Amino acid sequence: MMTEMNETKKIKKIGVLTSGGDAPGMNAAIRAVVRTAKYHGVDVVGIRKGYAGLIGGEIKEMHSKDVSNVMNLGGTILHTARCPEMMTEEGLNKAAAIYKILGLDALVVIGGDGSYRGLAELAKRGVNGIGIPATIDLDMRGTEYTIGFDTAVNTGMDALNKLRDTSNSHERCSVVEVMGRDAGYIAVWCGMCGGAEEVMFPEEKEVIDSNRVIQQILENRSIGKRHNLIVVAEGVGGTQKLAKDIQEITGIQTRATILGHLQRGGSPTATDRMHASMMGYHAVKAILEGRENVVVAYNKGRYEILDLFESLEMKKSLDPEIYDVIKILAI
């Protein structure tokens, strides 16, 4: 059936690139795009370094063998880079022109919110854009899952488990900063699953309150807790100062640990590999069905194809109940 769709729509060649911050599982998505397309007789060109590579013409033809043994790799085999030119009219026009010169019928972009916005601008200039959500922050609109999130959380969990062991041995407090500039999904998941006494994330919309945290630590000590684990999202900031304040006021040895880009790397989990593979498949399927300017999403246990522009207007926020759950479980 899909082969017949291919012949009807005359899809001959597509491009694929990874854009923005790298996320574990991107390679599985690339693999799925390439192999699904080749299975249906569609040529694929890989574009290196994201939109910068599109503008610079850094492309290579890709075959099934080119994506062998890549699912276990973190990062992206196509590489990624920031592209200031995509913020200019000249850069956008050049990218759209290169797309047409290459004779592409569609451009698959694997990336986050910024990558989608760049794709939307290209769509206005005649590019048929297909988006696959990939960001460890899980902050993209229109989808309940984004490639890379599960691996990032599990990496954070592993670090928290080890830090709790040493904090317990020395009866210390550990303040751990996880990634999440504007969204607290990683912090919430790591904090709740790691049994943190406090979780601080951007959605709280409040400045770090050292007194609040210190009061909780003192209450914990009064009921027999000899160590504490505090998780802070990157976007909240002030991790080092918080650790210093805790130690100076309570006298409890306190150490700050910033996980940083450690959470971006590593072999993707089975969950990320599965979602990435399915999303890559559905992206090509959408192209073969004649869909234009759409994104792949995962909602309520099903993969969906949504309009690119509509998806960018959708709202997304943490479940309000999560605030209560965190406080209750930290007691």
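The rules behind the values
- The numbering scheme is per chain: residues are counted from 1 as the chain's sequence reads.
- Residues qualify for local features only when their pLDDT is at least 70, as the model is predicted, and side-chain atom pairs are given and counted only at 80 or more; totals for whole chains, interfaces and linings, by contrast, use all residues.
- As a rule here, side-chain values cover all heavy atoms of the structure and leave hydrogens and water aside.
- When DSSP finds two or more bridges between a pair of strands, those strands are recorded as paired.
- Strands are runs of DSSP state E lasting at least 2 residues, helices are runs of H or I lasting at least 4, and numbering of each runs from the N terminus.
- To define axes, lines are fitted to C-alpha atoms, for helices over the stretch in contact only, and angles between the resulting N-to-C directions are given on a 0 to 180 degree scale.
- One confidence number per residue, pLDDT, is output by the predictor and ranges from 0 to 100.
- Contacts are assigned to residue pairs with any non-hydrogen atoms lying within 4.5 Å of each other.
- Type-normalised accessible area, obtained with a 1.4 Å probe on protein chains alone, sets the label of each residue: buried when under 20%, exposed when over 50%, and partly exposed for intermediate values.
- In this charge count, Lys and Arg are treated as positive and Asp and Glu as negative; neither His nor the chain ends contribute.
- Any Lys or Arg side-chain nitrogen located within 4 Å of an Asp or Glu carboxyl oxygen qualifies as a salt bridge.
- In plain terms, two cysteine sulfur atoms within 2.5 Å form what is called a disulfide here.
- Stacked, tilted and edge-to-face are the three classes assigned to paired rings of Phe, Tyr and Trp, where Trp is represented by its six-membered ring and a pair needs centres within 6.5 Å; plane angles under 30 degrees give stacked, over 60 edge-to-face, the rest tilted.
- Cation placement over rings: the criterion is NZ of Lys or CZ of Arg within 6 Å of the ring centroid and within 35° of the ring normal.

Engineer: Give me the sheet that holds strand β11 (residues 302–307): which residues, what numbers.
Structural biologist: Taken in spatial order, the seven strands make up an open sheet running β3-β2-β1-β4-β5-β10-β11, and their pairing is mixed. Each edge of the open sheet carries a strand with a single partner, namely β3 (59–62) and β11. Strand-to-strand twist in this sheet, taken as the mean axis angle between neighbours without regard to direction, amounts to 25°. Where strand β5 (residues 129–133) meets strand β10 (residues 294–299), two bridges bridge the pair, whose relative direction is parallel. Looking at β10, one finds that Gly131 is bridged to Val295.

Engineer: Mind laying out the confidence of the model for the protein, listing which residues take part and the relevant values?
Structural biologist: Residue-level pLDDT values for the protein average 92, and 95% of them are 70 or greater. This model gives residues 1–7 a pLDDT under 50, and the stretch forms 11 contacts once residues within four places in sequence are excluded.

Engineer: Which residues make up the side chain of Asp137, and what values go with them?
Structural biologist: Position of Asp137 relative to the elements: it lies in the loop between β5 and α6 (149–170). Among buried charged residues, Asp137 stands out as having no salt bridge; its nearest opposite-charge side chain is Arg264, 5.2 Å away.

Engineer: Go over the state of the cysteines with me, naming the residues and quoting the values.
Structural biologist: Inspection of the entire model under this criterion finds zero disulfides. With no disulfide partner, Cys173 has as its closest neighbouring cysteine sulfur the one in Cys190, 17 Å distant. For Cys173, a relative accessible area of 0% translates into the label buried. Cys193 takes part in no disulfide bond, and the closest cysteine sulfur, belonging to Cys190, lies 7.6 Å away.

Engineer: So what's going on with the packing of aromatic side chains? Residues and values would help.
Structural biologist: Applying the stated criterion to the full structure yields two aromatic pairs. Ring centres 5.2 Å apart and planes at 85° place the aromatic pair Phe149 and Trp189 in the edge-to-face group. One end of the pair, Phe149, is in helix α6; the other, Trp189, is in helix α7 (residues 185–193), with 40 residues separating them in the sequence. Here Phe149 falls in the buried class, since its relative accessible area comes to 3%. Here Tyr298 and Tyr303 contribute two aromatic rings whose centre-to-centre distance is 4.8 Å and whose plane-to-plane angle is 55°, an arrangement assigned as tilted. Residue class for Tyr303 comes out partly exposed when judged on its relative accessible area of 22%. Of note, Lys316 hangs over the ring of Tyr185, and the distance from its end group to the ring centre comes to 5.4 Å.

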